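Observations on the three-dimensional arrangement
The primary structure of each chain is shown beneath.
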Amino acid sequence: MKLNIDPSITYQLMEGFGASGAWWAQDVGGWTDIDPDSGMAVRDRISQLLHDPDRGIGLTIYRYNLGSGSQYITKGYYSSWMRRTDTFAIGGGAYDMTRDANAVYMMKRAVQDGAKEVIFFVNSPPVWLTKNGGGHQDHHKYFRENISPKNYEAFADYCLDIAAYFIAEGVPLRYFSPVNEPIWMWNGGQEGCFYLPHSVRKVFHVFSKKMDARSDLPGMKLSGCESGDLRFFNKTYTRLLLSDPLVRKHLDSVDVHSYCQPAPVPGLKKILARRTDFSRRFGAFMRKNYPDIPIRMSEWCHMQGGTDASMKSGIVAARTIYEDLTILGAVSWQHWIAVSPGGYCDGIIYTHPDHTFELTKRYFATGNFSKYIRPGAVRVAASCEDRRLLPLAYKKDGKIIAVVVNPTDEALPLSIPAAGEILTALTDESHNLTESK
């Protein structure tokens, strides 16, 4: 079967691939013991495997979680100590920038290893500004906002002060996301904050007003509003957010999360489980109403319980990336977290208590995209005669880069038309980004 590529038909320009340092970096950032295979500190080797384009998979986007300070209080339920985050504020308007040292180290190491863009994101406003003094709402309160509008300005001042500090230190902080998954009730397990759509617009307006008054945030934009499911309320939040001219000045994209799981109600399962339908509708909505606003896919994980490093999970990741780049039209794509201690299908590298780690098939499947589709590549038309194969193609610097996903359980033949040298990289049950010419 033949792979067909037409470089004359072009789509979006790719900005990069990435993942977040949420939670895990607070731990792994202190792993200075030596990895026996590389001779490097374990924390440095993990960063290299994630961000170096030659000795890793070349992720170019790093998401840093600016925490609420929940580790300094006993209030709330958190399923792991790592989900209680640090804060740089020490009271009275003063900051201690030596805090969150492990996570800051991993952020800076990512930049050293190849990350070109850093995004700061907030799950919950600082605990001293929330209504209940915690990093999430009380367990018996559902879908209630945990910050009063009177505290929006103090929230923005804190966030932008921290952003300005790291920009001055040379961190390529390109985006700040003050709201994360506002549609969920967030009353336990991790930090989080529910916001109504109008409240999200008000938060972004305050941040935009504050940014207008500062000169120490060169090149930084806002990103958001990172709604937590492709199926629900994305258009509502987007319309309100982009209806504010001041917000539009500082927000140059709409960031969404690509989660979409089958509905728990059996009669609705088939209707609500087709994530591609929702992707197609939202992509068409954006292209029709906001053609100058790109879509960034800023968070996804497999959302499956249990430790799974298998090719089955790798195919799920590869198919999702393919769908988000082609159907949704995303210009960047990011895993929820880069590293996980296991027990869930959410990291592309698993770590163990003895400070060892393993690379999952999700890691290598992601690498088939991120290692070769580099920032600045333009997506072009691609198709396969065999409709079971999922083809994707980009052009950059006079070269064509193609990624073909085979989601079936059988080997399928593929003919690649080309003039000149061809480099292939195969990931399957027995290969891990294995290159051949």
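See the structure shown above.
First, a word on scope: everything that follows refers to the structure included in this document.

1. What to know about helix H9 (residues 275-289)
- The terminal C-alpha atoms of H9, which comprises 15 residues, lie 21 Å apart, in line with the 21 Å expected from a rise of 1.5 Å per residue.
- Turning to H9, its buried residues are Arg-275, Thr-276, Asp-277, Phe-278, Ser-279, Phe-282, Gly-283, Phe-285 and Met-286.

2. So, the packing of helix H2 (residues 42-51) against helix H3 (residues 101-113)
- Viewed as axis vectors pointing N to C, H2 and H3 meet at an angle of 50 degrees, and their least axial separation amounts to 9 Å. With respect to each other, H2 and H3 are oriented oblique. Considering how the two elements wind past one another, H2 and H3 form a crossing that is right-handed. Where H2 approaches H3, its residues Arg-43, Asp-44, Ser-47, Gln-48 and His-51 are matched on the opposing element by Tyr-105, Met-106, Arg-109, Ala-110 and Asp-113.
- Its residues placed into classes, the contact of H2 with H3 shows 3 nonpolar, 3 polar and 4 charged.

3. Some points on unusual backbone geometry
- Note the cis peptide between Gly-224 and Cys-225, where omega equals 0 degrees.
- Tracing the backbone shows Cys-225 in strand E9 (residues 225-227).
- In this structure, Phe-233 is a non-glycine residue whose phi angle is positive, near 65 degrees.
- Turning to its location among the elements, Phe-233 is positioned in the loop between E9 and helix H6 (234-242).

4. Observations concerning the pattern of salt bridges
- Summed over the entire model, instances satisfying the criterion amount to 25 salt bridges.
- Asp-161 is the partner of Arg-214 in a salt bridge, and the nearest nitrogen-oxygen pair spans 2.8 Å. Residue Arg-214 is found in the loop between helix H5 (197-212) and strand E8 (221-222), and its partner Asp-161 is found in helix H4 (residues 152-168); the two are separated by 53 residues along the sequence.
- In this structure Arg-214 comes out as partly exposed when scored by relative accessible area, which is 24%.
- Residue class for Asp-161 comes out partly exposed when judged on its relative accessible area of 26%.

5. Section: H4
- Between its terminal C-alpha atoms H4 stretches 24 Å, which fits the 24 Å expected from 17 residues at 1.5 Å a residue.
- For H4, the set of buried residues is Tyr-152, Phe-155, Ala-156, Tyr-158, Cys-159, Leu-160, Ile-162, Ala-163, Ala-164, Phe-166 and Ile-167.
- Positive phi shows up at Gly-170, right after H4, with a value of about 100 degrees.

6. Details of the packing of aromatic side chains
- Tallied over the full model, the rule gives 18 aromatic pairs.
- An angle of 70 degrees between the planes, with centres 6.2 Å apart, marks the rings of Phe-121 and Trp-336 as edge-to-face. Of this pair, Phe-121 sits in strand E6 (residues 117-121) while Trp-336 sits in strand E12 (residues 332-337), and the two are 215 residues apart along the sequence. The same class applies to Phe-121 as to Trp-336, namely buried.
- Geometrically, the ring pair formed by Trp-300 and Trp-333 is tilted, given 5.8 Å between the ring centres and 45 degrees between the ring planes. Highlighted residues: Trp-300 in the loop between strand E11 (295-299) and helix H10 (311-328) and Trp-333 in strand E12, separated in sequence by 33 residues. Residue Trp-300 shares its accessibility class with Trp-333, and that shared class is buried.

Reading the values: rules and limits
- Throughout, a residue's number is its position along its own chain's written sequence, starting from 1.
- Since the coordinates come from a predicted model, pLDDT governs what is reported: local features require at least 70, and pairs of side-chain atoms require 80 or more to be given and counted, while whole-chain, interface and lining totals use all residues.
- Note that the side-chain values use all heavy atoms of the structure and ignore hydrogens as well as water.
- In DSSP terms, a helix is any run of H or I states spanning at least four residues, a strand is any run of E spanning at least two, and both are numbered starting from the N terminus.
- Expected helix span is computed as 1.5 Å times (number of residues minus one).
- Only protein chains enter the calculation, and the probe is 1.4 Å; a residue is then buried if its accessible area is under 20% of its type maximum, exposed if over 50%, and partly exposed in between.
- Interaxial angle, 0 to 180 degrees, is taken between N-to-C directions of lines fitted to C-alpha atoms, where a helix line uses only the stretch in contact.
- Angle categories are assigned with fixed cut-offs, so that under 35 degrees is roughly parallel, over 145 is roughly antiparallel, 65 to 115 is roughly perpendicular, and the rest are oblique.
- Two helices cross in a left-handed way if the nearer one is turned anticlockwise from the farther one by less than a right angle. They cross in a right-handed way if the turn is clockwise.
- Only heavy atoms enter the contact rule, under which two residues are in contact if any of them lie within 4.5 Å.
- Just so you know the grouping, Ala, Val, Leu, Ile, Met, Phe, Trp, Tyr, Cys and Pro go in nonpolar, Asp, Glu, Lys and Arg go in charged, and all remaining residues, Gly too, go in polar.
- The term salt bridge refers to a pairing of a side-chain nitrogen on Lys or Arg with a carboxyl oxygen on Asp or Glu at a separation within 4 Å.
- Only Phe, Tyr and Trp rings are paired, with Trp represented by its six-membered ring, and only when their centres lie within 6.5 Å; those with planes under 30 degrees apart are stacked, over 60 edge-to-face, the remainder tilted.

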